[in-house]
Every structure is written in structure tokens, then in C-alpha cells.
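Reading the structure
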Amino acid sequence: GAVVSQHPSWVICKSGTSVKIECRSLDFQATTMFWYRQFPKQSLMLMATSNEGSKATYEQGVEKDKFLINHASLTLSTLTVTSAHPEDSSFYICSVARQGIRYEQYFGPGTRLTVT
Amino acid sequence: GENVEQHPSTLSVQEGDSAVIKCTYSDSASNYFPWYKQELGKGPQLIIDIRSNVGEKKDQRIAVTLNKTAKHFSLHITETQPEDSAVYFCAAANNAGNMLTFGGGTRLMVKP
């Protein structure tokens with residue numbers, strides 16, 4: 001397996017502000033990290049694939065200017081929700097994958113975002 | 001693209017009974033099928049996975065079966081315990097796409 005951390009575990013912010021969520025791979029170098037969003041009682045929805053040293057690949061319907069992803073090192077990816085709105089309130093989960101085996105993903109504990 | 005359907009959406013069993021969760025997939029190229037357990041407020045944890053060259057895999061009280069012809073796979077939990085209560089997700093992926101497609105999830109409740 002793999003050990004993945006996320007920070008913060010929960011955050012409350014006001015509408016219009018930005019919030020940054022960190023995802024760290026603690027025990028191996030992750031060339032690829034994924035960001036998911038999960039609404040209550042629903043499945044995981046892939047938002048974007050984060051590749052170290054290059055631009056993230058966003059899924060259809062996900063605004064890249066609103067959800068900024070930076071994967072600056074092999075152990076850290078960040079997701080910044082810009083100009084947050086109440087409808088952005090959700091559970092954000094990252095996952096990491098080893099090079100060449102992107103379908104074997106190990107998930108972080110998630111970050112609960114509440115926008116007031 | 002791949003489509004994964006999962007049933008049932010909720011499952012309630014008595015402690016000690018068995019629980020079975022079923023998933024079907026659409027893409028015959030899929031060859032990796034993991035199962036995740038998600039407890040309330042936490043991220044999903046990989047509990048077992050199976051590849052297409054294997055028909056069944058077991059790990060203590062948990063087993064997964066795969067029928068490639070019918071394109072379905074199932075999770076079996078025997079001797080259920082209250083701590084098995086959680087939401088379980090199946091998923092499918094293939095080497096080419098390298099992406100996971102998740103099922104809708106099953107909320108399992110084990111009554112003591």
C-alpha cells in the first residue's frame with residue numbers, strides 16, 4: 001500500500017475566498033496524483049489528474065481556472081479552490097499512484113470543505 | 001468509456017451473516033477490479049483487488065469473484081462484524097486508460 005496525507009482535514013471558508021488543500025505521498029514518489037470530489041451519499045468523481053512537473057489534466061466539466069492544481073514535487077500536490085461558493089462545499093480526496101501503474105490508487109483521508 | 005454499476009445501494013445484514021455486493025462493467029478491455037471500503041468521514045481504503053487472469057481471490061473473510069464473460073464481479077464478506085459497516089465501492093480499470101471508474105457504492109450495515 002501507500003501512506004497518503006491531506007491537510008487540512010476540514011476547512012470552513014467564506015464565499016469568495018480561496019482555500020488550498022495539500023496532498024502528500026509519504027512513502028513513495030508519486031509521479032501521478034488524482035483529485036476527486038465526493039458529495040454526500042454519492043460516489044467519487046474524478047476532477048483532475050495531477051502530473052509532476054506538468055499541467056494537470058481536467059475532466060470534462062471541471063473548471064481549471066477555479067480548481068488550480070500544482071504538482072511541484074514527487075510527494076506533494078495542491079488543489080486550490082478559488083473564489084469559493086457554497087456549491088463547492090464537498091469532500092475532496094486525493095489519491096496517489098506509482099509510475100506506470102496509475103490504476104492502483106491509494107487514497108488520502110479526505111478534506112471536508114464548507115463554504116459559508 | 002467504462003460504466004460500472006453496483007448493487008445493492010444499501011444492504012443490511014445480521015452480525016455473523018454473509019454479505020454479497022455485485023458490480024457489472026461495460027468495457028471488455030477492463031482488467032483490474034479493486035474494492036474499496038470507506039468509513040464515515042474518511043478516504044476509501046483498498047481492501048482487495050483482482051485482475052482479469054484470475055477468477056477468484058480470497059483474503060481471510062473477504063473474497064472477490066470475477067466473471068469476464070458476463071462482465072461482472074462480486075465482493076463476498078463472510079462472518080460479518082459490526083466494524084464491517086461502511087460504504088463499499090467497486091471500480092474497474094484497464095492498462096490502456098489507467099483510470100479507475102467507480103460504481104455508485106453500497107452502504108453495508110451489520111446489526112449486532
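Overview of the structure. (Residues numbered from 1 in each chain as written. Chains lettered and ligands numbered in written order. Predicted model: local features only at pLDDT ≥ 70, side-chain atom pairs only at ≥ 80, totals over all residues. Heavy atoms only, no water.)

1. Observations regarding the overall build of chain A
- Within chain A one finds zero helices and eleven strands.
- Reading chain A from its N end, one meets helices and strands in the order β-β-β-β-β-β-β-β-β-β-β.
- For 116 residues, the compact-globule formula gives about 13 Å, and the C-alpha radius of gyration of chain A, at 13 Å, lands near that figure.
- Seen along its three principal axes, the alpha-carbon backbone of chain A occupies a region of about 40 × 25 × 20 Å.
- Within chain A, the fraction of its 116 residues that count as buried is 51%.
- If you average the places of the 11 positive and of the 9 negative side-chain charges in chain A, the two averages end up 3 Å apart. (Helix = DSSP H or I, 4+ residues; strand = E, 2+ residues; numbered from the N terminus. Rg over C-alpha atoms; globule rule 2.2 N^0.38 Å. Buried < 20%, exposed > 50% of the residue type's maximum accessible area, 1.4 Å probe, protein only. Lys, Arg positive; Asp, Glu negative; His and termini not counted. Charge placed at Lys NZ, Arg CZ, Asp CG, Glu CD.)

2. Here's the deal with the state of the cysteines
- Going through the model one piece at a time under the given rule, you end up with two disulfides over all chains.
- Here A:Cys23 is linked by a disulfide to A:Cys94, with a sulfur-sulfur distance of 2.0 Å. The sign of the 80° torsion about the S-S bond sets the A:Cys23-A:Cys94 disulfide as right-handed. Pair noted here: A:Cys23 is in strand E3 (residues 19-25) and A:Cys94 is in strand E9 (residues 90-98), with a separation of 71 residues, a long-range link. Here A:Cys23 matches A:Cys94 in class, with each residue buried.
- Between the sulfur of B:Cys23 and that of B:Cys90 lies a disulfide, 1.9 Å long from S to S. (Disulfide = S-S within 2.5 Å.)

3. A look at the environment of B:Val13
- Note that B:Val13 resides in strand E2 (residues 10-14).
- The residues contacting B:Val13, other than those within four sequence positions of it, are B:Ser18, B:Ala19, B:Thr80, B:Leu108, B:Met109, B:Val110 and B:Lys111. (Contact = heavy atoms within 4.5 Å.)

4. Some words on the side chain of A:Arg37
All names here are of chain A.
- Assignment of secondary structure puts Arg-37 in strand E4 (residues 32-38).
- Although Arg-37 lies buried, it forms no salt bridge, and the closest oppositely charged side chain, Asp-88, sits 4.6 Å away as judged by the N-O distance.
- Sequence-distant contacts of Arg-37, defined by excluding residues within four places in its chain, comprise Ser-43, Leu-44, Met-45, Met-47, Phe-67, Ser-90, Phe-91 and Tyr-92. (Salt bridge = Lys/Arg side-chain N within 4 Å of Asp/Glu carboxyl O.)

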